[in-house]
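What follows is the residue order along each chain.
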There are 2 protein chains.
Amino acid sequence: MVTKTNHDIEEAFLNYVKKMTSFEEAIGLMFWDLRTGAPKKGVEQRSEVIGMLSSEVFDMSVSGQMKEYLDQLSKPGTFESLSEITKKTVKECKKEYERNIKIPADEYREYVILRSKAESVWEEAKEKSDFQMFQPYLEKLVDFNKKFVEYWGYKDNKYNTLLDMFEPGVTVEQIDKVFAQLRERIVPLVQMVVNADDKPETGFLFKNFPADKQRDFSMYVLGQMGYDFNAGRLDKTVHPFAIGLNPGDVRVTTKYDEKDFRTAVFGTIHEGGHALYEQNISTDLVGTPLATGTSMGIHESQSLFWENFVGRNESFWKKNYEALKEYADGQFDDVNMEDFYRSINVAGPSLIRIEADEMTYPLHIMVRYEIEKGLINGEIEVKDLPDIWNEKMEEYLGIRPENDAEGVLQDVHWSGGSFGYFPSYALGYIYAAQIKNAMDKDIPNFDELLEEGDLKPVKNWLNDKIHQYGKLKEPIEILKDVTGEGLNAQYLIDYLEEKYKRVYRLETE
Amino acid sequence: MVTKTNHDIEEAFLNYVKKMTSFEEAIGLMFWDLRTGAPKKGVEQRSEVIGMLSSEVFDMSVSGQMKEYLDQLSKPGTFESLSEITKKTVKECKKEYERNIKIPADEYREYVILRSKAESVWEEAKEKSDFQMFQPYLEKLVDFNKKFVEYWGYKDNKYNTLLDMFEPGVTVEQIDKVFAQLRERIVPLVQMVVNADDKPETGFLFKNFPADKQRDFSMYVLGQMGYDFNAGRLDKTVHPFAIGLNPGDVRVTTKYDEKDFRTAVFGTIHEGGHALYEQNISTDLVGTPLATGTSMGIHESQSLFWENFVGRNESFWKKNYEALKEYADGQFDDVNMEDFYRSINVAGPSLIRIEADEMTYPLHIMVRYEIEKGLINGEIEVKDLPDIWNEKMEEYLGIRPENDAEGVLQDVHWSGGSFGYFPSYALGYIYAAQIKNAMDKDIPNFDELLEEGDLKPVKNWLNDKIHQYGKLKEPIEILKDVTGEGLNAQYLIDYLEEKYKRVYRLETE
C-alpha cells in the first residue's frame, strides 16, 4: 500500500476546495446574469440550476471526505508543515464544516424552504404595509436562529454567535460601546442640522439627467478610481451590487434615476469601492475560500471610504464638477461649486435606511441592531416590533413612520434569515473613518491628490494595506495592522462634526 | 433491507441526469458570457472553471453509478415500464457511456491537450498561411480519430462512425448519392451565373449602415419571426451563434459590419432560426439530454430555412424593404425593390465557405467531406491536403486559392478534432428544402403570409412538426414524419435552379 504524504493530502485537499470555489464562481455568474438581463422565462429553471450547484457546494463542505482532510491536516506536526494559505484555508473550511454539520439536515431543509417563502410573503406584506401578514414567518425565522445559536453555542451573549458570521471578532460588548458613543454625538448633530438657518439648496438636483450620460460619467469616475475595465464591466440593474467572480472579473452594477443623478453616481462609487477590493486580492488566493473580502464590515469600509471620504469630498468635486456639467444636460450651468457641494451633502432625519445620508445612516443601523439583539436574547417579541421600531425612530431621529412599509418592513434582510448582518454597515463606516485617519499619515496631501484627479496613491495604499490579503487576515487583524488600534468610533464622530458644521455653516463651538 | 422499486431507480436516474444537465446549463452561460463581453483578465480562470465542470459531467457520464442505472433500467421488463422520455434518455446516456468508456482515459486526456494546443497553432498557422506549421498537429488529430473509430467500431465505412456523432442515421452511401446529385446540377448552374450577362448591381450594399440601427432592424426582424424576447436576448459577438440554455432562455448573438449590413441581418435571421428551435422544445424534456435539437443537420435545416427560404425571399422583402430603408441612413433611397432583391441574392464562386452564397455553399461542403472521408479511410495523407484542396476547389468552383489561409486552413473545425461535422451543413440545407416543400402543402399561401409579415403560421408549423420533440425523435424520423420520405436532394436543386434563373434573368430552358 502506498502511503500518502502530507504533501499529497494537502494537494488533494486544495483540489477539492478548488472544485468548491469553481462551483461558486459559476453560481456567481448566474446570479449576476439574473440581475442584469436574463430573460424572465428562463429564471425558474436557472434558479433550479443555482440550487443544484449550491447544494453540491454545501454537501462538499460537510462531506466525510472534507472531515477526513480536515482531521488529517489539523494533526499536530502536520498543520505546522502547511503553507500559510493552506493553514488559513483549513481553518476556514473547519469553521464552515462545524457550523454546517451541527444543524440537523431536516431542520436546515425546513429553514431553507421557510426563508424562500418568507421572502415572497415579506414582499407582499411590504407592498400592503401589513406587518401581521409577515409576523408568523418572522417569528419562525427568529426561532430558527435562536435554535441555531443553541446548536452552535455562544460566549457572553447569544447575539455574538450571529455577529461572528458577518464580522468575526466583534462582540456585543464592543458594539454597545461604540454605538453609544456615536449616538451621544450624532443625535445632537442631527438636531443642529435640523435647526440650522442656512440649509443647502437642492432643487437643481432633480432635473433631467439622461441615463446614458449618467452611465458615461459613472464610467469616467470608475476610471479615475483605478477600477480596471479589463477586469470588470458596468451594467444596469434594479438593486445595485458589485460581485467578484475572480480578481480578473469583478463586475459593478448601478441604476439610473433620470430625476436624481446621485443614485447612479454615488451608487457606482460605492460599488466601485467594493470592486477595487475584489480586483486587487492576491491571485495566489484564487481557488481557495480566501479570495474574497475578509468580512462584511471591512468590505463596507471600502465602499463607504470611496463613496463618502472621496465621492462626497469637496476636493473630489473641484476636480470633477466641470466634467459633470459637461455630461449633464445644462442642469448645473447656473450652480456654483459651493452650492453644488453643499447640495450633495444635504442631511437630516428620514425614514428609509437606503436613502439616508451619511450622518443619519448609523442611527438607522442602531435601531435594527438593538431590535435584533433583543429578539435573539428573548427580550423582545416579534409581535411588538412595529411599536418598538417606531419608538426607536422617534428617539434617535425624531421622526415616526406612518406605516410599516416605511418602518419595520422596509428591509429585506430578516425575511432571508439574516440576523447579525446590519451592524456590519455601521462598523464598516467606523472602520472607514479609522482607515482615512491612518491614510492621512502616509498621504498628507490627500485633498490635493483629489483635486488633481490623481487617485492612484489612494488606491495603491488600500491595495497594499487591505485588498491584497483577501481573507488571509481576520478583520480585526487588518484594522490593527492598518490603524494600530481596535474599533474606535471617535474618528467618524470627528469627521461628521467637522464636515457638517462646514456644510450647514454652523458656528464652531 | 428496503428493495428499490423500478420507480425509485427511474427517479434516482432522472435526478442524476438532471444534475448533469444543470452543470451543462451553467457551462453554457459561462460560454455565452465569454463570447459577449466577459472581462479579458478573468478569462483564464473562467476557462478553468468551465474545464472543472466539464470534467464533472464527463465523469458522471462514465461513472459506476451511471453504469448501474443503465444496467438496471435496461433490463427486459423494466425498460418497457419506463416513460417514453426516460426510455429515450436511457438510450442517449447509454450511447454516450459506450462512446466515452471505450477510449482509454490516458489517451483521451492526451487528445484533449492536443486539441487545445492544435487550436492555437492553427490560429497562428492561418495567420501566417503556413500549412506545414499545422501539419504535424493535424496528423496527430487524424490519427486519434482513426484510432477512436477502431475502438468504437464501424459499419461499411469508417467515416460512418464519425458521421453518427453529428447526424445519426445518415451514412456515407447516402451522402455520396445526394452530393453527386447536387454536384451534377449546381456546378453547371454556377457556370451559367458566371456567364450571365445581366448580373445584379451590388455597389449600394456597401455604404454606411450605423451599427445601432442594424441592431434595431435585427430586433424588428427577430420579432417578426416570432422569436420570444422574454425567453431570450440579442447581443454582439465576434463569431455569431445561438445558444439554448433552457427553452426559456435562448440567446442570439450577431455582429455588425457597418459597411455591409447583410452580415448582421442574415446572420441574425440564421441564428434566430436556431433559436426558434430551442425556444420551442417541450418543457417536459427540460432536465434530460433530450432538451436540445436532435442533430446538427436538423438544427441547420432550421437556421437555413429562415435565412434562405424566408430571409432571401422576395415576398419577405416586399413586406420589409420599406422598414429597412427607414432604419438605414439613406443608403437605399434610390434603389428599387427589384434591384435590392437581386443584390442580396448575388451568387458566384468564392474561396471562403462562411462568406459563400446559398448556391455555391454546398460545393464548399463537398470539398471538405471528400477530404475527411479520404483521411479517415487512409486514402489521403495530411501532407497532401493543400494540393488536394486547391484541385477540388478548381474542379467544383472553378477558382483556386492563392494561399492556404484562404484554402485548407480557413476553418477551425479540424483543429478542434471535429471530423464528420461538415456534412451536417449541407444536409441541413437539403432538409430545409424538403421541409419547405412539405410546408407548401399545408401552407399554400406561404408567399402571401411573408408579404403580410404574418410569419406565425410558418413558425407554428415548425414548432408543431419539429421543434417540440427536441431529441425525442431521431433526425431521420423527423424527416420521415414531416416530409414522408428520406434524404432527397431534388427539392434543393429545383429551388436553386428556379431561383437563380429568376435572379440572373436566364432564359428558362
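Residues numbered from 1 in each chain as written. Chains lettered and ligands numbered in written order. Predicted model: local features only at pLDDT ≥ 70, side-chain atom pairs only at ≥ 80, totals over all residues. Heavy atoms only, no water.

Undergrad: Describe the domain arrangement of chain A, and please don't skip the residues or the numbers.
TA: Residue and element names in this part refer to chain A. Annotation of chain A at the domain level lists domain 1 (6-101) and domain 2 (203-349 + 431-472). With centres defined by C-alpha atoms, the gap from domain 1 to domain 2 works out at 31 Å. Counting residues at the interface gives 16 residues for domain 1, matched by 18 residues for domain 2. Note on domain 1 versus domain 2: buried area summed over both sides is about 1400 Å², and carbon and sulfur give 72% of it. Of all residues in domain 1, the largest losses of buried area upon contact with domain 2 belong to E25, W32 and I85, amounting jointly to 38% of the total for that side. Taken together, the connections running from domain 1 to domain 2 amount to 1 salt bridge. For E92, the salt bridge identified is with K471, shortest N-O distance 4.0 Å. For the interface between domain 1 and domain 2, the tally reads 3 residue pairs in polar contact (both at pLDDT 80 or more). Contributions of two or more residues to the side of domain 1 that touches domain 2 are made by helix 1 (6-35) and helix 5 (84-101). Classifying every residue of the side of domain 1 that touches domain 2 gives 6 nonpolar, 4 polar and 6 charged. (Domains from an automatic or database assignment. Contact = heavy atoms within 4.5 Å. Buried area = accessible area lost by both parts, 1.4 Å probe. Salt bridge = Lys/Arg side-chain N within 4 Å of Asp/Glu carboxyl O. Polar contact = N/O pair within 3.5 Å; in protein donor to acceptor, adjacent residues only side chain to side chain. Helix = DSSP H or I, 4+ residues; strand = E, 2+ residues; numbered from the N terminus. Nonpolar A, V, L, I, M, F, W, Y, C, P; charged D, E, K, R; others polar.)

Undergrad: Talk me through the interface of chain B and chain A; I want residue IDs and the actual numbers.
TA: Contacts between chain B and chain A engage 35 residues on the former and 35 residues on the latter. Across the chain B to chain A interface the summed buried area is about 3100 Å²; carbon plus sulfur atoms make up 56%. At the boundary of chain B with chain A, the tally comes to 12 salt bridges. Across the pair D33 of chain A and R251 of chain B runs a salt bridge whose closest N-O atoms are separated by 2.7 Å. Sorting the residues of the side of chain B that touches chain A by element identifies helix 1 (6-35), helix 2 (43-61), strand 2 (242-246) and strand 3 (249-254) of chain B as the ones contributing at least two each. For the side of chain B that touches chain A, the element with the highest residue contribution is helix 1 of chain B, accounting for 10 residues. Looking at the side of chain B that touches chain A residue by residue, the classes come out as 13 nonpolar, 9 polar and 13 charged.

Undergrad: Go over empty space enclosed by the protein, please, and point to the residues and values.
TA: Residues and elements named next belong to chain A. Counted by the stated rule, this structure contains 2 cavities of 30 Å³ or more. Estimates place the volume of the largest cavity at around 70 Å³. What lines the largest cavity is W122, F131, F134, L138, W389, V408, L409, D411, W414, S415 and F422. Considering every element that reaches the lining of the largest cavity, the biggest residue donor is helix 7 (residues 131-152), with 3 residues. (1 Å grid on protein atoms, 1.4 Å probe; cavity = no way out; pocket = protein on both sides within 12 Å on 5 of 7 lines; lining within 4 Å. Points joined across faces, edges and corners; volume = space filled by probe spheres on them.)

Undergrad: How would you sum up the UniProt feature "active site" (unreviewed entry) in chain A? Please name residues and give values.
TA: All names here are of chain A. Those places that UniProt annotates as "active site" (unreviewed entry) correspond, in this numbering, to E271. With respect to the helices, strands and loops of the structure, E271 is situated in helix 11 (residues 262-279). On the basis of relative accessibility, which here comes to 10%, the residue E271 falls in the buried class. The contact partners of E271, leaving out residues within four places of it in the chain, are P240, F241, A242, V252 and T253. (UniProt positions renumbered as here; feature names shortened; annotations may be inferred. Buried < 20%, exposed > 50% of the residue type's maximum accessible area, 1.4 Å probe, protein only.)

Undergrad: Quick rundown of the relation of the copies chain B and chain A? Include the residues and the values.
TA: Mapping between the two copies of the chain is achieved by a rotation about an axis and a shift along the axis. Superposing chain B onto chain A requires a rotation of 180 degrees together with a translation of 0.0 Å along the rotation axis, leaving an RMSD of 0.0 Å. Put plainly, the chains are arranged around a two-fold axis. Looking at the rotation axis and the C-alpha trace of chain B, the residue lying nearest is A26 of chain B, at 3.2 Å. Interface overlap between copies: 100% of the residues of chain B at the interface are likewise at the interface in chain A, consistent with a symmetric, same-surface contact. (Least-squares fit on C-alpha atoms with pLDDT ≥ 70 in both.)

Undergrad: I'd love a proper account of helix 21 (residues 490-503) of chain B, names of residues and values included.
TA: All names here are of chain B. The terminal C-alpha atoms of helix 21 lie 20 Å apart, and with 14 residues this matches the ideal 20 Å at 1.5 Å per residue to within 8%. Within helix 21, burial applies to L492, I493, Y495, L496, E497, K499, Y500, K501 and V503. Its buried side turned inward, helix 21 meets helix 9 (172-195), helix 12 (296-310), helix 14 (337-343) and helix 17 (422-442). Phi turns positive, to about 50 degrees, at R505, one or two residues after helix 21. (Expected span 1.5 Å × (residues − 1).)

Undergrad: Lay out the sheet that holds strand 2 (residues 242-246) of chain A in plain terms, naming residues and giving numbers.
TA: Residue and element names in this part refer to chain A. Strand order in this open sheet of 3 strands is 1-3-2, and the pairing throughout is mixed. On the outer flanks of this sheet lie strand 1 (234-236) and strand 2, each paired with one strand and no other. Recorded for the sheet is a direction-independent mean angle of 25 degrees between the axes of neighbouring strands. Pairing analysis gives 4 bridges linking strand 2 to strand 3 (residues 249-254), with the strands arranged antiparallel. (Pairing = 2+ DSSP bridges. Axes fitted to C-alpha atoms, helices over the stretch in contact; angles between N-to-C directions.)

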